[in-house]
Amino acid sequence: MENSFFLFLIIGVTAVISFKGFNDFVFFRKYEFHVGSIRAGEQIRMISSGFLHADISHLVFNMLSLYFFAPVVLQNFGNWNFLVIYFGSLLFGSMLTLLFHKDDYNYRAIGASGAVTGIIYAAILLNPFMSIFLFFIPIPIPAYLFGIGYLFYSIYGMKAKNDNIGHTAHFGGAIGGYVLTLLKDPVLITENTWIVILLALPILILFVLAKQGKI
């Protein structure tokens, strides 16, 4: 795979730091996303938390998702822009999480999901008609339908608050990938206008619901 150095570097570093966290509770607590600590000045947690995971299955799922979608971004944008989208999406996810949970000083989160979701949405914008296969659906799904559905599922998860999934970070990462990809390649707006609009709809709905205090 060409232009894959930073992809494998991110996977390797994330694996090493995650395994360190598995075996060192003090290290894990020091670098996880924790609203109280971030508001006290430890902003490094907004990035460092993206290198920690709850367990091996959490780590493997995120890194496999990154591995499968990253080539689309790498082939179109190269290594450096891939890094910008990855870390930009991680930061978007952390900032949206902080915005929605700013008054919950005990809120904690870990995982690369925000960054990985940003890469997934960048790939969807770049190749909206590529096929995605899900375990529970026996037929391929166009990438843009998966993207729209996933964001609506994230809104539902944010409203329901009945699981331990960081839906807010996923949504923030998706916004990061969406915005940074269009900034890098604005011609996508004219080439795939209706795809760009469709992917923006759940983002707009999220902020309308937030403004109305429904989420």
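Structure's up top.
Residues numbered from 1 in each chain as written. Predicted model: local features only at pLDDT ≥ 70, side-chain atom pairs only at ≥ 80, totals over all residues. Heavy atoms only, no water.

A.B. asks: Any chance you could break down the overall build of the protein chain for me, citing the residues and the numbers?
C.D. replies: Helices and strands together make up the secondary structure of the protein chain, namely 10 helices and four strands. Sequence-ordered secondary structure for the protein chain, helices as α and strands as β, is α-α-β-α-α-α-β-α-β-β-α-α-α-α. The C-alpha radius of gyration computed for the protein chain amounts to 17 Å, which stays within 12% of the reference 17 Å derived for 215 residues, consistent with globular compactness. Seen through its C-alpha atoms, the protein chain measures out along the principal axes to roughly 50 × 45 × 35 Å. A buried classification covers 50% of the 215 residues belonging to the protein chain. Looking at the protein chain alone, contacts between residues at least 24 apart form 74% of all its contacts between residues at least 6 apart. Carbon and sulfur atoms provide 67% of the accessible area of the protein chain, an area that totals close to 11,000 Å². For the protein chain, the distance from the average site of its 12 positive side-chain charges to the average site of its 10 negative ones is 10 Å. (Helix = DSSP H or I, 4+ residues; strand = E, 2+ residues; numbered from the N terminus. Rg over C-alpha atoms; globule rule 2.2 N^0.38 Å. Buried < 20%, exposed > 50% of the residue type's maximum accessible area, 1.4 Å probe, protein only. Contact = heavy atoms within 4.5 Å. Areas by Shrake-Rupley, 256 points an atom, 1.4 Å probe, with all protein chains shown as cover. Lys, Arg positive; Asp, Glu negative; His and termini not counted. Charge placed at Lys NZ, Arg CZ, Asp CG, Glu CD.)

A.B. asks: Outline the side chain of T117, supporting the account with residue identities and numerical values.
C.D. replies: By secondary structure assignment, the location of T117 is in helix α6 (residues 113-126). In terms of polar contacts, T117 uses its side chain to reach the backbone carbonyl oxygen of S113, at 2.6 Å. (Polar contact = N/O pair within 3.5 Å; in protein donor to acceptor, adjacent residues only side chain to side chain.)

A.B. asks: Quick one: what's the story with the packing of aromatic side chains, residue by residue and with numbers?
C.D. replies: Going through the model one piece at a time under the given rule, you end up with 15 aromatic pairs. Plain terms: the ring middles of F27 and Y31 are 5.1 Å apart, the flat faces sit at 55° to each other, and that makes the pair tilted. Of this pair, F27 and Y31 both sit in helix α2 (residues 25-31), four residues apart, roughly one helical turn. The exposure class assigned to Y31 is partly exposed, which follows from its relative accessible area of 25%. Three or more aromatic residues joined by ring pairs make a cluster, and in this case those are F51, F82, Y86 and F87. A cation over an aromatic ring shows up here: K20 above the ring of F27, its NZ or CZ 5.6 Å from the ring centre. (Phe/Tyr/Trp six-rings, centres within 6.5 Å; stacked < 30°, edge-to-face > 60°. Lys NZ or Arg CZ within 6 Å of the ring centre and 35° of its normal.)

A.B. asks: Describe the packing of helix α7 (residues 143-160) against helix α10 (residues 193-211), listing the residues and the values that go with them.
C.D. replies: One way to put it is that α7 packs onto α10 with a least axis distance of 9 Å and a crossing angle of 5°. Between α7 and α10, the angle is such that the two are roughly parallel. Contact residues: Y144, G147, I148, L151, F152, I155, M158 and K159 in α7; W194, I195, L198, L199, P202, I203, I205, L206 and L209 in α10. Here the contact of α7 with α10 is built from residues that sort into 15 nonpolar, one polar and one charged. (Axes fitted to C-alpha atoms, helices over the stretch in contact; angles between N-to-C directions. Parallel < 35°, antiparallel > 145°, perpendicular 65-115°, else oblique. Nonpolar A, V, L, I, M, F, W, Y, C, P; charged D, E, K, R; others polar.)

A.B. asks: I'd like to hear about the packing of α6 against helix α8 (residues 167-184), residue by residue, with values.
C.D. replies: At a minimum axis distance of 7 Å, the contact between α6 and α8 shows a crossing angle of 40°. Relative to α8, the element α6 is oriented oblique. Of the two possible hands of crossing, α6 and α8 adopt the one that is right-handed. Side by side, α6 and α8 meet where S113, G114, T117, G118, Y121, A122, L125 and L126 of the first sit next to A169, H170, G173, A174, G177, Y178, T181 and L182 of the second. The residue inventory of the contact of α6 with α8, partitioned by class, reads eight nonpolar, eight polar and no charged. (Left-handed = near helix turned anticlockwise from the far one by under 90°.)

Note that every value here comes from positions in space, so none of it alone points to a role or purpose.
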